[in-house]
Amino acid sequence: MTKWILIVALALGGVIIWKFAPLTGDGASKSDLLATVPADTAFYVGGNSSEELAEFMRDYSIIPTTPTQMAQWAKMLEDISGSETPAAQFFASLQRQIAATEGSTLTALEKTGGISNTGNYALYLHGAVPVARLTLSDPAAFDTMIEKAVADSNFTYNKATIGSAEARVWRITDADEPLQVDLAVAVAGSDLAITFFIGADDEATKKERIGQSKPAKSLASSGEIASIQKQYGFNDAMVTFVHIERIVQGILKPDSNSFGKDLQRYLPEDAKAGLAADVTEACRTDYLSLAASMPRLVSGYSALEIKGNTLYNAGDFILELTNESVKTELGKMRGHLPLHTLNASDKLMSFSAGVNMDQLVPAVTALWNQFTQAPYSCEALVEMQNKAKETSPAMLAMAMGMAQGVKGLGVSFYDFKMDEMMMPSSLSFLASVATENPGTLASLTSMIPVPGLNELVIPADGTAVPVPVPMLPPSIEVKAAIKGKHLVVYAGAKAEAEVAKIEQEAITPNGLYAIGLNYRRFGELLELQSNGMFAQGGGEGCIAQQEMKHMMQNLKMDFAVSFDVNNQGLVGHAEASMDKPITSTTKLPGKYQLAYLDGACNWETAGVETINADGTGAVIEKSNEGDCNTYESAYTWTQAGSVVSMASTSDRYRESCDSEWDDNDLSTYECHILNVSETGFQCLFDPGSEDASIYSYTRM
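Residues numbered from 1 in each chain as written. Predicted model: local features only at pLDDT ≥ 70, side-chain atom pairs only at ≥ 80, totals over all residues. Heavy atoms only, no water.

1. Structural notes on the overall build of the protein chain
So, point 1. The secondary structure content of the protein chain amounts to 23 helices and 28 strands.
So, point 2. For the protein chain, the residues scored as buried account for 46% of the 700 residues in total.
So, point 3. The contacts of the protein chain with a sequence gap of at least 6 include a subset with a gap of at least 24, amounting to 63%.
So, point 4. By element, 56% of the accessible surface of the protein chain is carried by carbon and sulfur atoms, the whole surface being about 33300 Å². (Helix = DSSP H or I, 4+ residues; strand = E, 2+ residues; numbered from the N terminus. Buried < 20%, exposed > 50% of the residue type's maximum accessible area, 1.4 Å probe, protein only. Contact = heavy atoms within 4.5 Å. Areas by Shrake-Rupley, 256 points an atom, 1.4 Å probe, with all protein chains shown as cover.)

The following block contains the structure:
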């Protein structure tokens with residue numbers, strides 16, 4: 001049972017995550033949908049996708065991935081379920097149908113599966129049971145996709161009419177399982193619900209679970225979503241929460257909410273006993289109190305804007321804390337995140353930590369005292385307190401002595417390339433430390449046991465001095481300087497431009513931690529990187545390089561995330577931008593010069609291939625002197641999306657012009673199209689296997 005709940009849950013999660021907000025058209029309104037979600041749900045993610053956003057996202061892949069990763073995903077599903085089971089074949093058929101549409105994009109999902117890319121959506125818990133609520137733009141297309149998967153797999157279902165919905169119900173547990181679980185896919189007009197029916201669920205429970213009836217108290221009547229939006233400034237694109245307190249209450253006080261009641265109804269006796277094992281009344285009280293001190297993890301979008309071919313969005317996530325003294329002490333630790341690390345648009349990646357080292361030990365000591373002196377009665381928590389008392393924060397004070405005055409540090413990488421010998425050929429980075437005493441910190445270089453570094457003197461007047469770094473070529477010059485209240489070490493022109501700004505940067509508290517990544521720059525780097533780096537992995541490494549290039553073509557985005565603490569709790573803020581994908585239509589018919597990728601990541605010229613519009617094709621290879629053909633093959637081909645199937649009709653070779661021809665066995669191959677351009681494309685054969693290979697096709 002568990003394995004199939006896992007598979008379906010992953011599928012449901014993928015459906016929701018494939019873009020920020022998929023769904024409806026003429027489906028349920030936001031208020032109607034929320035009216036069917038129980039008010040005490042422990043988990044919820046939902047929102048609305050506008051027509052403008054859907055149009056922008058239409059050519060994005062459902063899940064950005066490579067053919068090799070898809071093969072590995074299929075292998076994982078086979079390992080979980082057994083490749084020959086009807087259920088495994090059913091999901092494999094669904095995957096093939098989506099993949100068979102050009103690009104496996106969101107448009108393909110709507111065209112093949114009939115699932116709309118606009119409107120409202122939700123994924124939530126009905127008690128302890130997950131429910132996905134989507135809307136169909138084309139119910140007939142959805143039915144066709146499902147029925148083809150059923151025919152391909154013989155994964156048969158029972159029909160049920162529940163309210164106004166027609167449901168397909170598949171049994172996913174073995175006959176000898178004590179608790180029977182069904183996968184239910186219910187359609188009422190354009191409304192789609194995907195969930196589970198468990199055990200002896202009665203008609204009323206099933207009806208409410210698929211949204212055909214309303215619970216007595218719902219998220220619409222409680223106003224929880226509206227309250228979250230108002231409190232945190234979230235828009236309608238997406239709002240999520242994980243209600244930690246309700247989950248803990250459901251486990252420790254099952255009668256307190258629907259999550260707990262479902263656990264009691266559905267879990268076997270030994271599992272129910274395990275949940276309550278060794279939980280005394282004292283521990284129950286203390287654990288509930290701890291859960292109440294961090295009741296929810298909430299997140300949502302605060303901005304979403306499309307400018308030309310670029311989407312800009314921002315969002316926040318908050319672990320709510322109700323203990324005011326904890327928030328106060330955590331707030332004292334806040335330091336300075338160097339500003340050069342907070343924007344990912346101009347660099348490869350960055351990370352930074354903001355910690356006020358002058359306040360770290362006092363704040364940790366206060367938190368330590370609060371924990372060790374808390375009036376716990378639970379034996380497990382009392383034992384943790386006793387162990388904590390054995391380690392005093394005073395030891396931390398000794399270790400932090402030389403870091404006094406430090407407020408934060410950060411590193412930004414702007415450029416990095418390796419040559420064929422796996423040595424750096426280009427490097428641009430900036431590392432900075434924000435401190436009240438940059439001169440004192442700079443003097444610590446004398447303690448570094450590396451010749452050259454232990455003699456380094458960094459002037460206090462801001463003059464940059466060279467830093468001797470072993471293993472770097474002379475073309476990469478690393479420098480160090482004191483700029484205002486920042487000690488900096490850097491290399492490269494891009495970093496030097498940032499150093500010119502940092503001298504005027506005040507070291508005010510602005511966070512705890514930040515990270516940024518720029519996939520656009522990584523894509524550019526893959527194009528410029530030498531082959532030696534990937535050749536270290538042999539053929540697999542070379543294939544991975546080409547697949548990553550392909551994936552990066554439509555993953556042109558950057559994002560930056562920062563973490564902080566405020567009066568709401570522990571908070572995170574994310575900002576991202578992403579470019580609209582550039583669609584490339586592969587028109588196969590033509591004559592191509594072939595080349596194959598060898599284990600050193602070099603392209604070696606092969607033969608000439610002709611792909612005809614009538615569904616036939618031929619390949620010839622000539623002798624080294626070009627006097628005769630040494631290889632000839634003919635085949636028929638069909639295309640389904642980005643996969644071309646080639647079935648040999650003849651295949652022969654000979655060693656030389658004077659040799660006799662030998663026939664090869666006839667086979668069928670699948671070409672996974674990669675890296676489409678105006679001049680051609682690449683074919684990946686047998687992804688994920690030991691026989692994987694890539695050929696480039698260049699139009700002649």
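2. Here we look at the side chain of Glu547
So, point 1. Within the element layout of this structure, Glu547 appears in helix H23 (residues 538-553).
So, point 2. Buried and without a salt bridge, Glu547 has Lys549 as its closest oppositely charged side chain, separated by 13 Å.
So, point 3. Excluding residues that lie within four positions of it along the chain, Glu547 makes contacts with Thr66, Pro67, Thr68, Leu674 and Leu684. (Lys, Arg positive; Asp, Glu negative; His and termini not counted. Salt bridge = Lys/Arg side-chain N within 4 Å of Asp/Glu carboxyl O.)

3. Observations concerning the packing of aromatic side chains
So, point 1. Here the structure, examined in full by the defined rule, presents 16 aromatic pairs.
So, point 2. Ring centres 6.2 Å apart and planes at 50 degrees place the aromatic pair Tyr596 and Tyr695 in the tilted group. Taken together, the residues span a long stretch of sequence, with Tyr596 in strand S20 (residues 590-597) and Tyr695 in strand S28 (residues 693-699) at a distance of 99 residues.
So, point 3. Tyr596 sits in the partly exposed class, given a relative accessible area of 35%.
So, point 4. Residue Tyr695 is classed as partly exposed on the basis of its relative accessible area of 26%.
So, point 5. When the ring of Phe681 is compared with that of Tyr697, the centres are 4.8 Å apart and the planes differ by 15 degrees; the resulting orientation is stacked. With Phe681 in strand S27 (residues 680-685) and Tyr697 in strand S28, this pair connects stretches of sequence that are 16 residues apart.
So, point 6. Here a set of aromatic residues connected by ring pairs shows up, and it is made of Phe90, Phe91, Phe155, Tyr157 and Trp170.
So, point 7. Over the aromatic face of Tyr312 sits the side chain of Lys307, whose NZ or CZ is 5.9 Å from the ring centroid.
So, point 8. Its guanidinium or amino end placed over the ring of Trp661, Arg652 lies 4.0 Å from that ring's centre, counting from NZ or CZ. (Phe/Tyr/Trp six-rings, centres within 6.5 Å; stacked < 30°, edge-to-face > 60°. Lys NZ or Arg CZ within 6 Å of the ring centre and 35° of its normal.)

4. Considering the packing of helix H14 (residues 281-292) against helix H17 (residues 379-389)
So, point 1. Look at H14 against H17: their axes get within 8 Å of each other, and the N-to-C directions meet at 70 degrees. If you check the angle between H14 and H17, you find them roughly perpendicular. Packed against H14, whose contacting residues are Cys283, Asp286, Tyr287 and Leu290, the element H17 presents Glu379, Ala380 and Leu381 at the interface. (Axes fitted to C-alpha atoms, helices over the stretch in contact; angles between N-to-C directions. Parallel < 35°, antiparallel > 145°, perpendicular 65-115°, else oblique.)

5. Points about the packing of helix H16 (residues 357-372) against H17
So, point 1. Taken N-terminus to C-terminus, the directions of H16 and H17 make an angle of 140 degrees; their axes are 9 Å apart at the nearest point. The angle between H16 and H17 places the two elements in the oblique class. Handedness of the H16/H17 crossing: left-handed. Contact residues: H16 offers Trp368, Phe371 and Thr372, while H17 offers Met384, Gln385, Ala388 and Lys389.
So, point 2. Residue composition of the contact of H16 with H17, by class: four nonpolar, two polar and one charged. (Left-handed = near helix turned anticlockwise from the far one by under 90°. Nonpolar A, V, L, I, M, F, W, Y, C, P; charged D, E, K, R; others polar.)

6. What to know about the state of the cysteines
So, point 1. Across all of its chains, the model carries four disulfides by this definition.
So, point 2. Between the sulfur atoms of Cys283 and its disulfide partner Cys378 the distance amounts to 2.0 Å. In this structure, the disulfide formed by Cys283 and Cys378 twists by about 80 degrees around the S-S bond and is classed as right-handed. Of this pair, Cys283 sits in helix H14 while Cys378 sits in the loop between H16 and H17; the two residues are 95 residues apart in sequence, bridging distant segments of the chain.
So, point 3. What makes Cys283 buried here is its relative accessible area of 5%. (Disulfide = S-S within 2.5 Å.)

7. Quick notes on a negative patch on the surface
So, point 1. Negative charge collects at one region of the surface, where Glu540, Glu670, Asp686, Glu690 and Asp691 lie side by side.
So, point 2. In this fold, Glu670 is placed in strand S26 (residues 668-677).
So, point 3. A relative accessible area of 45% means that Glu670 is categorised as partly exposed. (Patch = residues over 30% accessible without salt bridge, like charges linked within 9 Å, V, L, I, M, F, W, Y side chains within 5 Å. Charge placed at Lys NZ, Arg CZ, Asp CG, Glu CD.)

8. Some words on the confidence of the model for the protein chain
So, point 1. Per-residue confidence for the protein chain gives a mean pLDDT of 86, with 88% of residues at or over 70.
So, point 2. Per-residue pLDDT, averaged within each element of the protein chain, yields its smallest value for helix H1 (residues 2-17) (45) and its largest for strand S8 (residues 239-243) (97).
So, point 3. Ignoring residues within four places in sequence, the model shows residues 1-26, a span with pLDDT below 50, making 85 contacts including any to other chains. (pLDDT = per-residue confidence, 0-100.)

9. Re the environment of Ile115
So, point 1. Along the chain, the position of Ile115 falls in the loop between helix H6 (106-113) and strand S2 (119-126).
So, point 2. For the pair Ile115 and Ser137, spaced 22 residues apart in the sequence, the C-alpha separation amounts to 5.7 Å.

10. Section: the nonpolar core
Note on soluble globular proteins: their nonpolar side chains tend to be buried together.
So, point 1. Ranked by size, the top nonpolar core spans 36 residues in total, and within it Phe90, Phe142, Ile146, Trp170 and Leu192 carry the most contacts.
So, point 2. Of all the secondary structure elements, the ones that give two or more residues to this core are helix H5 (86-99), S2, strand S3 (129-135), helix H7 (139-153), strand S6 (181-188) and strand S7 (191-198).
So, point 3. For Leu192, the contacting residues outside a window of four places in its chain are Ala132, Arg133, Leu134, Thr135, Leu136, Phe142, Val185, Ala186 and Val187.
So, point 4. In this structure, Leu441, Ala442, Val478 and Leu487 belong to the second largest nonpolar core, which totals 27 residues. (Core = buried A, V, L, I, M, F, W, Y, C linked by side-chain atoms within 4.5 Å.)

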